[in-house]
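# Structural characterization, general
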Number of protein chains: 2
Amino acid sequence: MKVILYMAMTVNGMIARENDDTPWSNVEWKNYAKKVKECGALIVGRRTYEIMKKGDDLKKIGNPFTVVVTSQKIESNKSFVFAKSPKDAFEIMKKRKFRKVLLGGGSMINASFMKAGLVDEIYLDVEPFVFGKGIKLFSDEGFEAKLKLIGTKKLSKNEIQLHYKVIRR
Amino acid sequence: MKVILYMAMTVNGMIARENDDTPWSNVEWKNYAKKVKECGALIVGRRTYEIMKKGDDLKKIGNPFTVVVTSQKIESNKSFVFAKSPKDAFEIMKKRKFRKVLLGGGSMINASFMKAGLVDEIYLDVEPFVFGKGIKLFSDEGFEAKLKLIGTKKLSKNEIQLHYKVIRR
């Protein structure tokens, strides 16, 4: 099973403003939805989950089977369950026989998946912004990874997508 | 006069490891040197200046006229002077009639130039690494900018250069 991190971010690696705002284009949302549908399964952290629920975003992206990684118990139902750790989330998805799973933020869950060596590929949609302050792609964690550039794709006039494979070490 | 920010960074916007290490390729150094020579003038912060001096890097990039922005007095000579602020550095360069000046890090000086609205273009050489912790492209400062993507260039198998214009607001 492949875990694919997919995020939109500023050129300096911020996935949102400090207040969670993401001034990305509609093109960006469509791409994200498409990628989620392609995988059929989504892993997010609690905060990202709550932001998505508020904005009715899970419906917009086709109500994928979702695992929310959190230490707090959240009511599960048919379309989402919660997991205590990246490894737990990984095992849940594996049991359900998903071939690809999309890891969709935020900062803490992205970093803990990387630290656990559970990310296979990374898609980054680079948005034409710089935020001096904001929420980073990865929260501060002691890990490092080498990447292999698989490809790049122009998404719109000012947006470019970078696609990497994570080299395990 | 144009101020051009040119930096190599990881995909998540880190310009160095926490200990200032930059495991970039030789291709990267050659590109940096080429861009500095093209401009003929360099602005850096004190820490970057000291790192460059230690590694004999200024010689490697052709001893460009250099302004070091710092609150501490550094001995000036014919090829470098010091400035107290981004604006001071800008004025010094303008008086010397440079048409293009390269802003070359680090984190604090990059952010203060952006905050002062003094950056015209940004070149980012995206290196195939992720650092969980490290030195950010911009230190935490309250600014935001919109960019226009001018172009992209493949530098090597795993390195891509992004070139942006900063939109003044």
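Residues numbered from 1 in each chain as written. Chains lettered and ligands numbered in written order. Predicted model: local features only at pLDDT ≥ 70, side-chain atom pairs only at ≥ 80, totals over all residues. Heavy atoms only, no water.

## A word on the interface of chain B and chain A
- Taken together, the contacts link 36 residues of chain B with 36 residues of chain A.
- Summing the contributions of chain B and of chain A, the shared interface buries around 3000 Å²; its carbon and sulfur component is 63%.
- Considering only the surface of chain B that becomes buried against chain A, Val11, Val130 and Glu144 of chain B emerge as the three largest contributors, covering 19% of it.
- Where chain B packs against chain A, one counts two salt bridges.
- Between chain B and chain A we count twelve residue pairs in polar contact (both at pLDDT 80 or more) in total.
- Those elements that place two or more of their residues in the side of chain B that touches chain A are β7 (121-127), β8 (129-131), β10 (144-154) and β11 (160-167) of chain B.
- Among the elements that line the side of chain B that touches chain A, the one with the most residues is β10 of chain B, at eight residues.
- Classifying every residue of the side of chain B that touches chain A by side-chain character gives 19 nonpolar, seven polar and ten charged.
- Direction of pairing for strand β8 (residues 129-131) of chain A relative to β10 of chain B: antiparallel, over a ladder of three bridges. (Contact = heavy atoms within 4.5 Å. Buried area = accessible area lost by both parts, 1.4 Å probe. Salt bridge = Lys/Arg side-chain N within 4 Å of Asp/Glu carboxyl O. Polar contact = N/O pair within 3.5 Å; in protein donor to acceptor, adjacent residues only side chain to side chain. Helix = DSSP H or I, 4+ residues; strand = E, 2+ residues; numbered from the N terminus. Nonpolar A, V, L, I, M, F, W, Y, C, P; charged D, E, K, R; others polar. Pairing = 2+ DSSP bridges.)

## As for unusual backbone geometry
- Look at the link from Gly105 of chain A to Gly106 of chain A: it is a cis peptide, with omega at 0 degrees.
- Phi at Asp56 of chain B is positive, roughly 60 degrees, even though this residue is not glycine.
- The class of Asp56 of chain B is partly exposed, set by a relative accessible area of 42%.
- Unlike most non-glycine residues, Lys97 of chain B shows phi in positive territory, near 65 degrees. (Buried < 20%, exposed > 50% of the residue type's maximum accessible area, 1.4 Å probe, protein only.)

## Digging into the packing of aromatic side chains
Residue and element names in this part refer to chain B.
- Tallying each qualifying case throughout the model produces 18 aromatic pairs over all chains.
- For the ring pair Tyr49 and Phe80, a centre distance of 5.1 Å and an interplane angle of 45 degrees mean the geometry is tilted. Of this pair, Tyr49 sits in helix α2 (residues 46-54) while Phe80 sits in strand β5 (residues 80-83), and the two are 31 residues apart along the sequence. The pair Tyr49 / Phe80 is uniform in exposure class, with both members buried. (Phe/Tyr/Trp six-rings, centres within 6.5 Å; stacked < 30°, edge-to-face > 60°.)

## Some thoughts on the relation of the copies chain B and chain A
- Note on the copies: chain B fits chain A at an RMSD of 0.0 Å, the axial shift is 0.0 Å, and the rotation between them is 180 degrees. These values place the two chain copies in the arrangement generated by a two-fold rotation axis. Taking the C-alpha atom as reference, chain B places Gly13 of chain B closest to the rotation axis, 2.5 Å from it. (Least-squares fit on C-alpha atoms with pLDDT ≥ 70 in both.)

## So, the sheet that holds β8 of chain B
- Across the sheet, nine strands lie side by side as β5(A)-β4(A)-β3(A)-β6(A)-β1(A)-β7(A)-β11(A)-β10(A)-β8(B); this open sheet has mixed pairing. Each end of this open sheet is capped by a strand with a single partner; those strands are β5 (80-83) of chain A together with β8 of chain B. Across the sheet, the mean angle separating the axes of adjacent strands is 30 degrees when strand polarity is ignored.
- Examined bridge by bridge, strand β4 (residues 65-69) of chain A and β5 of chain A share four bridges and lie parallel to one another. From the neighbouring strand, Val67 of chain A faces β5 of chain A, where its bridge partner is Val81 of chain A. (Axes fitted to C-alpha atoms, helices over the stretch in contact; angles between N-to-C directions.)

## Brief notes about the pairing of strand β3 (residues 41-45) of chain A
Residue and element names in this part refer to chain A.
- In terms of burial, β3 is largely enclosed, as five of its five residues are buried.
- On β3, burial covers both faces: Ala41, Ile43 and Gly45 on one face and Leu42 and Val44 on the other are all buried.
- With five bridges joining them, β3 and β4 adopt parallel strand pairing. For Val44, the partnering residue across the bridge sits in β4 and is Val68.

## Some remarks on the confidence of the model for chain A
- The share of residues in chain A with pLDDT of 70 or more is 99%, and the mean pLDDT across the chain is 93.
- For this predicted complex, the interface confidence reaches an ipTM of 0.94, while the overall pTM sits at 0.95. (pLDDT = per-residue confidence, 0-100.)

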